[in-house]
Amino acid sequence: MTGQQDKQAQLDTFRVEHKGSKLTTNQGGKVSNTDDSLKAGTRGPTLMEDFHFREKLTHFDHERIPERVVHARGFGAHGYFQVYEPMTEFTKAKFLQDPSKKTPVFVRFSTVVGSKGSADTVRDVRGFATKFYTEDGNYDLVGNNIPIFFIQDAIKFPDVVHSIKPEPHNEIPQASAAHDTFWDFVVNTPETAHMIMWLLSDRAIPRSFRMMEGFGVNTFRFVNEEGKARFVKFHWKPLLGVHSLVWDEAQKLAGKDPDFHRKDLWDAINMGQYPEYELGVQMLEEEEEFNFDFDILDPTKFWPEELIPVKPIGKMILNRNVENFFAETEQAAFHPGHIVPGIDFSNDPLLQGRLFSYLDTQLIRLGGPNFHEIPINRPVAPIHNNQRDGYHRMTIDRGAVSYSPNSLQNNAPEPASDQEGGYVHYAEKVEGRKVRQRSESFQDHYRQATLFWNSMSPPEKQHIIDAFHFEVGNVVDKGIQQRVVDMFNNVDGDLAIQIAAGIGANPPASPGGTGVTDASSAVSQENTKKIAQSRKVAVLAENGFNFDEVTQVKVAMEAAGVHVKIISKNLGMLTSVEGQQLEVNKTYTTSASIIYDAVYITGGRKNVDTLVLQGDSLHFVNEAFKHAKAIGATNEGVELLTASSIQGVKTAGAETQGQLVTELGVVTIQNTTDMGQFSQEFINAVSQHRHWGRQNIKGMVPA
């Protein structure tokens, strides 16, 4: 049996505390001087006998390991998983049976295309890889935040990655698909159409790892004790809902705070606001395999939740940050072939290729076949086999026998039976001629792309159109641009017309489309859960602010789980009109509206007289409005909104006589000392994430 603390107890045996210690070499010898190399005289040459110099420099020269070819930039955290009820009917996987058991997990989130040093908020697929340390060994659920992929067959994986990576002649652009080689690949590979729709949607610029869905992407199988199998798709559903940035915000964050997602996860865990995700499954009986107008093994297709509901089966909580990024996150090795009894594979051709590639890449990246002995990768289940030696072998195997069968130690370690927990592959009947071709059922490349487009709300559709304008607008080759228009005319004629208008291409000669009119509400983020918990609000204030107002609003927001930061021109202490003081957390130089979910401006005559004369304050408000964020202002603070470039929104004035005014996420009140009603309305506005009703007026605001 494994428990939540078993993995941490194992890792503790490798953790080292250096406080209060003396400096040593890697051989344990104490070092008397680490600032000066050994020389022949004070101005003479360094001597080769300086073993400390040689060791220190040699180790430094070899500190870096090859970064991942894809998913190079990532961030991880520890936690645990608990199943809600026994899943015995569907699978014999032991970690899915006992609701009282907490299975330790390690999760790594990542971008796909960029290098290890790229920014967090680029437009990209996000990796969502989970390692379960179960009593039957490690199980890796290696997924993404998008339920489908670019290609149907893994043999094309090098091609899609080569096309989207920086172009080889000049290593430009970094972490971006907005260039010729990628879109050249797209227009020559129609199976990418559906994935492109997801990539150019808001899903590709998540607000936070904590507000991001995860999908297993491929089709797997559950197998129960009786040997009955069902097809299964895996889902992670964040309890905070699924939310995204806007593109202008994402681009600015890449410069202002390239570690935005990392900090967000790190800070949330440190503050005790642990990210939580429900694990859900879609299941199909084997006899239902051909009941749909798509192939359930096609990785460029998802299973609409309206047709095949997601069954929540458990919850994962991430409650511990890593203690050493390299040792834990960078050296973590995930592989979809790390499975346990009760979970098996399907014939999904992308999955079949992943089963080779993920193992193969660890050999070069982590220096050989013993990467499973690195602490973060070690299972909590015992390891017994006849695999020996290799680079960095740590296990000291006793005895003379390292082969099977043997009689010298009674054939130990001997294979385990099915009843003893030995892995038995599902006995699927397979037959056919050896061919290099796709199934006819894989040939529909556009119907689900249309379904996705139909499922988007008007703001989400506009964001996709804007994304096409940016991505394809950066393509130099006019022929490729025109072919993008023609290709996506197969998805939706109106979409193609709007793409063409933004990139200077010819609209399609005749409107296209697939004739699909269905929609899936589950894929629109407008239908997600919306709460204020863990959101971040910036309070703009200067000397002479109203302390009582700020205190009332701050207390109410913090009670709702909202984090409040005081933003001012300078760091230090602000003095209120009442004479009380408040510490500034950030300045306009060290912060920006893009780092927060909402903005609040407090009253106080001197405070507001200062704010309205500061370009930084005005820009802060204008930018938040343009990004459709909640904005609140009380008493004199409303005057900053009046002085800003915000248009088309009614705010409280002298004539409102203390009445609350709310319009398009802008919440204001004047002539009152009671902030109770305002605070609740503002918290509600914050919980909505964004206020897309401003869509037609926010473009008039310079920011």
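Use the structure listed above.
Residues numbered from 1 in each chain as written. Predicted model: local features only at pLDDT ≥ 70, side-chain atom pairs only at ≥ 80, totals over all residues. Heavy atoms only, no water.

Bringing the overall build of the chain into the picture now. The number of helices and strands found in the chain is 18 helices and 19 strands. The principal-axis extents of the C-alpha atoms in the chain amount to approximately 95 × 80 × 55 Å. The burial tally for the chain puts 53% of its 703 residues in the buried class. Partitioning the intrachain contacts of the chain with sequence separation of at least 6 by distance along the chain shows that 73% fall at a separation of at least 24. Distance between charge centroids for the chain: 4 Å, based on 70 positive and 89 negative side chains. (Helix = DSSP H or I, 4+ residues; strand = E, 2+ residues; numbered from the N terminus. Buried < 20%, exposed > 50% of the residue type's maximum accessible area, 1.4 Å probe, protein only. Contact = heavy atoms within 4.5 Å. Lys, Arg positive; Asp, Glu negative; His and termini not counted. Charge placed at Lys NZ, Arg CZ, Asp CG, Glu CD.)

Attention shifts here to the packing of helix H3 (residues 157–164) against helix H4 (residues 180–187). Helix-helix packing is characterised by the crossing angle of the two axes and by the distance between the axes. Relative orientation of the contacting elements H3 and H4 amounts to 140 degrees, with a least axis distance of 6 Å. Considering the angle they form, H3 stands oblique to H4. When H3 is examined against H4, the residues Asp159, Val160, Ser163 and Ile164 are found in contact with a partner set consisting of Thr181, Phe182 and Phe185. Class assignment of the residues belonging to the contact of H3 with H4 gives a composition of four nonpolar, two polar and one charged. (Axes fitted to C-alpha atoms, helices over the stretch in contact; angles between N-to-C directions. Parallel < 35°, antiparallel > 145°, perpendicular 65-115°, else oblique. Nonpolar A, V, L, I, M, F, W, Y, C, P; charged D, E, K, R; others polar.)

Looking at the element boundaries, Arg378 is found in the loop between helix H9 (349–365) and helix H10 (447–455). Although Arg378 lies buried, it forms no salt bridge, and the closest oppositely charged side chain, Glu373, sits 4.8 Å away as judged by the N-O distance. What Arg378 contacts, discounting residues up to four positions off in sequence, is Lys7, Gln10, Phe14, Tyr133, Asn138, His372, Glu373 and Met394. (Salt bridge = Lys/Arg side-chain N within 4 Å of Asp/Glu carboxyl O.)

This next bit is on the packing of helix H11 (residues 458–473) against helix H12 (residues 478–489). Across the interface, H11 lies against H12 with an axial gap of 10 Å and an inter-helix angle of 145 degrees. The hand of the H11/H12 crossing is right-handed. Facing H11, whose interface residues are Phe468, Val472 and Gly473, H12 presents Gln481, Val484 and Phe488. When the residues that make up the contact of H11 with H12 are grouped by side-chain class, the tally is four nonpolar, two polar and no charged. (Left-handed = near helix turned anticlockwise from the far one by under 90°.)

Our next topic: the packing of aromatic side chains. The geometry of an aromatic ring pair is captured by the separation of the ring centres together with the interplanar angle, meaning the angle of the planes. Summed over the entire model, instances satisfying the criterion amount to 32 aromatic pairs. Counting every residue linked through ring pairs, the aromatic cluster contains Phe81, Phe95, Phe109, Phe128, Phe132, Tyr139, Phe209, Trp236 and Tyr277. The side chain of Lys131 reaches across the aromatic face of Phe334, ending 5.0 Å from its centre. (Phe/Tyr/Trp six-rings, centres within 6.5 Å; stacked < 30°, edge-to-face > 60°. Lys NZ or Arg CZ within 6 Å of the ring centre and 35° of its normal.)

Across the sheet, seven strands lie side by side as S15-S12-S11-S16-S17-S19-S18; this open sheet has mixed pairing. The strands lining the two open edges of the sheet, one partner per strand, are strand S15 (586–587) and strand S18 (661–663). Packed onto the sheet, helix H16 (residues 615–626) meets strand S11 (536–540), strand S12 (563–568), strand S16 (598–601), strand S17 (630–634) and strand S19 (666–669) and runs at close to 150 degrees relative to S11. (Pairing = 2+ DSSP bridges.)

Consecutive side chains of a regular strand alternate in pointing toward one face of the sheet and then the other. Judged by which residues are buried, S19 turns out to be covered on both faces: Val666 and Thr668 on one side and Val667 and Ile669 on the other are all buried. Judged from the four bridges that link them, S17 and S19 form a sheet pairing that is parallel. Pairing of Ala633 across the sheet is with Thr668, part of S19. Pairing of S18 with S19 involves three bridges; the strand directions are antiparallel. If you follow Glu663 over to S19, its bridge partner there is Val666.

If you walk through the whole model with that rule in mind, you get 42 salt bridges. For Arg68, the salt bridge goes to Glu330, with nearest N and O atoms at 3.9 Å. Of the two residues, Arg68 is situated in the loop between helix H2 (51–61) and strand S1 (74–83) and Glu330 in helix H8 (residues 325–330); the sequence distance between them amounts to 262 residues. In this structure Arg68 comes out as buried when scored by relative accessible area, which is 10%.

There is a patch of nonpolar side chains on the surface, built from Phe53, Leu57 and Phe60 and spanning about 280 Å² of accessible area. Residue position: Leu57 is located in helix H2. (Patch = residues over 30% accessible without salt bridge, like charges linked within 9 Å, V, L, I, M, F, W, Y side chains within 5 Å. Areas by Shrake-Rupley, 256 points an atom, 1.4 Å probe, with all protein chains shown as cover.)

By size, the foremost hydrophobic cluster in this structure holds 56 residues, and its most contacted members are Phe150, Trp183, Ile196, Met197, Phe468 and Phe488. Elements with a minimum of two residues in this core: H3, H4, helix H5 (193–199), H10, H11, H12 and helix H13 (493–503). Among the elements that make up this core, the one with the highest residue count is H5 (six residues). Among all residues touching Trp183, those that are not within four sequence positions of it are Ala177, Ala178, Ile196, Leu200, Phe468, Glu471, Val472, Val475, Ile480, Val484 and Phe488. Counting residues in each nonpolar core, the second largest holds 38 residues, with Phe90, Phe222, Leu265 and Met316 among its members. (Core = buried A, V, L, I, M, F, W, Y, C linked by side-chain atoms within 4.5 Å.)

With that out of the way, let us pick up the environment of Ala254. For Ala254, the location among the structural elements is in helix H6 (residues 247–256). Taking the C-alpha atoms as reference points, Ala254 and Val107, separated by 147 residues in sequence, lie 23 Å from one another. When neighbours within four sequence positions are excluded, Ala254 is seen to be in contact with Ala119 and Thr121.

Below, the discussion takes up the environment of Ala500. For Ala500, the location among the structural elements is in helix H13. Here the alpha-carbon distance between Ala500 and Thr668, two residues 168 residues apart in the chain, equals 41 Å. In contact with Ala500, not counting residues within four places along its chain, are Val485, Ala505, Asn506 and Pro507.

Another point: the side chain of Thr121. Tracing the backbone shows Thr121 in the loop between strand S2 (103–111) and strand S3 (126–134). Judged by relative accessible area, Thr121 falls into the buried class, the value being 2%. At 2.8 Å, the side chain of Thr121 forms a polar contact with the backbone oxygen of Ala250. Residues within four places of Thr121 in sequence aside, it is in contact with Arg126, Ile205, Leu245, Ala250, Leu253, Ala254, Phe260 and His261. (Polar contact = N/O pair within 3.5 Å; in protein donor to acceptor, adjacent residues only side chain to side chain.)

Turning to H9, a few remarks are in order. Look at H9: 25 Å from first C-alpha to last across 17 residues, which is about the 24 Å you get at 1.5 Å a residue. Restricting attention to buried positions, one finds in H9 the residues Leu350, Leu351, Arg354, Leu355, Gln362 and Arg365. In this structure, the buried side of H9 is in contact with strand S4 (137–144), strand S6 (220–223), H8 and strand S10 (343–345). Capping the start of H9 is the job of one residue whose side-chain oxygen sits 2.9 Å from the backbone nitrogen of Leu350: Asp348. Residue Gly367 follows H9 closely and has a positive phi angle near 80 degrees. (Expected span 1.5 Å × (residues − 1).)

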